[in-house]
Amino acid sequence: MRSTGRLMAAMVMLAASLAPVATGQAQEDSYPWVMEEVAPGVFAALQPSETRFGDSNSAVIIGLNEVVVIDSQADPAAVRALIAWIGAATDAPVGLVINTHWHGDHTQGNAIYRDVYGDDLEIIGHASLVEDVPERAGAFVRERTAYFATELPAAYQRLEQGVFRDGSTMTEADKEEQQAVLARAELWLAANRDARFVGPNRTYSSRQRLRRAGRTIDLVHYAGHTRGDTVVWLPEEGVAITGDLLDDLPYVGHGYPTSWRTALDSLRDMPIVSTIPGHGPVFRDDTKLNAVHGFLDALITQATAAAAAGQTLEDAIATITLESWRDRLASDDIAARFFEQSLGEAVERAWLEARDELEQ
Ligand SMILES: [Zn+2]
């Protein structure tokens, strides 16, 4: 990536009272999308900073006769608000949705785009998404819903009593933190209550050039954050839409650390001007790429050493803390907490990979 410092800022906060969406459903609520025009007619739809890990960003490419959307959110309110924004910006319909990977926060909204734009809508993703959207994303939502159904009542009770699971007393700050955790869980449950899992009706395997919305759009497959990551590359505009292969904080829980690191080497060699990531703000230089690359490097090195020394997974998770990478990667407390919560999963993937036990 190289930075030209170009910033065609068209920051548009979506305010209240959006127009009714095409389904005819009145849209009283608003969704706080931040729309940023990174090249003429190419918009990043960014989640607000505080909730940026809760649901995904999108990219919107507006052509004369059609609109291309990259990634759809899990929360129906987010999807409907973005469709309303597109409807206010152009008369052209969304003709193509591209999914960067199978995670539900990037694909569950496919069903709403299908409802609104009908069977003519194409949804394209890597070939593995045909299986992974219904099976892996579906399983994830079902398991998490069941987990919350069991855990939340007890968590509310502990909060009311002001006592942690281990019997220690909560401070007022602890209680506030627990309340925030429960609020996030409730938001997730509300957004995923009626989740539908509509995968692509068109696929590609390694590389595909499209000519859509008056643009050249390249799809390039990598295995990194998941086994079916797509980087969407607009060569004429120098815009890369990377999904979670390169986003605000790497989540490795479903990832392939070594090929992920190789994928970042490929991105580094591309003449990228702007990157629209799956989560977090637009990047215009290599800072984040270098940080994620360095983190993966350290993760792979330490997990490989742990596996070679015969450490169990539990020992590896206990000893590999990568604190300096947390501090380098996390731009705020929200990201630092996300790093802490997911590091064990990252160590597990790298440890399994080092033992040649990572399933595809
Ligand atoms: Zn993801």
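Residues numbered from 1 in each chain as written. Predicted model: local features only at pLDDT ≥ 70, side-chain atom pairs only at ≥ 80, totals over all residues. Heavy atoms only, no water.

## A short note on the nonpolar core
Okay, step 1: Core analysis: the biggest nonpolar cluster contains 44 residues, and Leu264, Leu267, Phe295, Leu296, Leu299 and Leu322 have the highest contact counts within it.
Okay, step 2: Of all the elements in the fold, those that place two or more residues in this core are strand S10 (215–222), strand S11 (229–234), helix H6 (257–268), helix H7 (287–308), helix H8 (313–319), helix H9 (323–329) and helix H10 (333–354).
Okay, step 3: Considering every element that reaches this core, the biggest residue donor is H7, with 10 residues.
Okay, step 4: Looking at which domains feed residues into this core, each of domain 1 (12–127 + 197–285) and domain 3 (290–354) gives three or more. (Core = buried A, V, L, I, M, F, W, Y, C linked by side-chain atoms within 4.5 Å. Buried < 20%, exposed > 50% of the residue type's maximum accessible area, 1.4 Å probe, protein only. Helix = DSSP H or I, 4+ residues; strand = E, 2+ residues; numbered from the N terminus. Domains from an automatic or database assignment.)

## Observations concerning the layout of surface pockets
Okay, step 1: The space that makes up the second largest pocket amounts to roughly 160 Å³.
Okay, step 2: In terms of lining, the second largest pocket is formed by Trp102, Arg136, His254, Tyr256, Arg349, Leu352, Leu358, Glu359 and Gln360.
Okay, step 3: When grouped by side-chain class, the residues that make up the lining of the second largest pocket number four nonpolar, two polar and three charged. (1 Å grid on protein atoms, 1.4 Å probe; cavity = no way out; pocket = protein on both sides within 12 Å on 5 of 7 lines; lining within 4 Å. Points joined across faces, edges and corners; volume = space filled by probe spheres on them. Nonpolar A, V, L, I, M, F, W, Y, C, P; charged D, E, K, R; others polar.)

## Observations concerning the coordination of the zinc ion
Okay, step 1: At this site the zinc ion is bound by His101 (NE2), His103 (ND1), His225 (NE2) and Asp244 (OD), with donor distances of 2.1 to 2.2 Å.
Okay, step 2: Relative to the metal, the four donor atoms surrounding the zinc ion lie at angles of 89 to 167°, and the coordination shape comes out irregular.
Okay, step 3: All donors of the zinc ion come from a single chain, and their spacing in sequence reads H-x1-H-x121-H-x18-D. With His103 in the loop between strand S6 (94–98) and helix H2 (104–107) and His225 in the loop between S10 and S11, this pair connects stretches of sequence that are 122 residues apart. For the pair formed by His103 and His225, the shared burial category is buried. (Donors = N, O, S within 2.8 Å, 3.2 Å for Na, K, Ca; no water. Tetrahedral: all angles 85-135°; square planar, octahedral: opposite > 155°, others 65-115°.)

## Describing the sheet that holds strand S12 (residues 239–243)
Okay, step 1: Spatial strand order, S9-S10-S11-S12-S13: five strands in an open sheet with mixed pairing. What marks the edges here is a single partner per strand, and that holds for strand S9 (207–212) and strand S13 (274–277). Across this sheet, the average inter-strand angle for adjacent strands is 20°, counted without regard to direction.
Okay, step 2: Pairing between S11 and S12: three bridges, direction antiparallel. Its bridge partner being in S12, Trp233 is matched across the sheet by Ala240. (Pairing = 2+ DSSP bridges. Axes fitted to C-alpha atoms, helices over the stretch in contact; angles between N-to-C directions.)

## Brief notes about the environment of Asp285
Okay, step 1: Checked against the element boundaries, Asp285 lands in the loop between S13 and H7.
Okay, step 2: Through-space distance from the C-alpha of Asp285 to that of Arg268 is 10.0 Å; in sequence the pair is 17 residues apart.
Okay, step 3: Within the structure, the side chain of Asp285 is placed 2.8 Å from the side chain of Thr287, a separation counted as a polar contact. (Polar contact = N/O pair within 3.5 Å; in protein donor to acceptor, adjacent residues only side chain to side chain.)

## A word on H6
Okay, step 1: The end-to-end C-alpha distance of H6, which contains 12 residues, comes to 17 Å, matching closely the 16 Å that a straight helix rising 1.5 Å per residue would cover.
Okay, step 2: Inspection of H6 places Pro257, Trp260, Ala263, Leu264 and Leu267 among the buried residues, and these make up the whole buried set. Within H6, the buried residues cover an arc of 110° as seen down the axis, which keeps them to one side.
Okay, step 3: As for H6, its buried residues are in contact with S10, S11, S12, H7 and H10. (Expected span 1.5 Å × (residues − 1). Arc of directions from axis to C-beta. Contact = heavy atoms within 4.5 Å.)

## Description of the packing of helix H1 (residues 76–89) against helix H3 (residues 110–117)
Okay, step 1: Where H1 contacts H3, the two axes come as close as 9 Å, and the packing angle between them is 40°. By the angle between their axes, H1 is oblique relative to H3. As for how H1 packs across H3, the hand of that crossing is right-handed. Along the contact surface, H1 presents Pro76, Val79, Arg80, Leu82 and Ile83, while H3 presents Ile112, Tyr113, Val116 and Tyr117.
Okay, step 2: When its residues are assigned to classes, the contact of H1 with H3 shows eight nonpolar, no polar and one charged. (Parallel < 35°, antiparallel > 145°, perpendicular 65-115°, else oblique. Left-handed = near helix turned anticlockwise from the far one by under 90°.)

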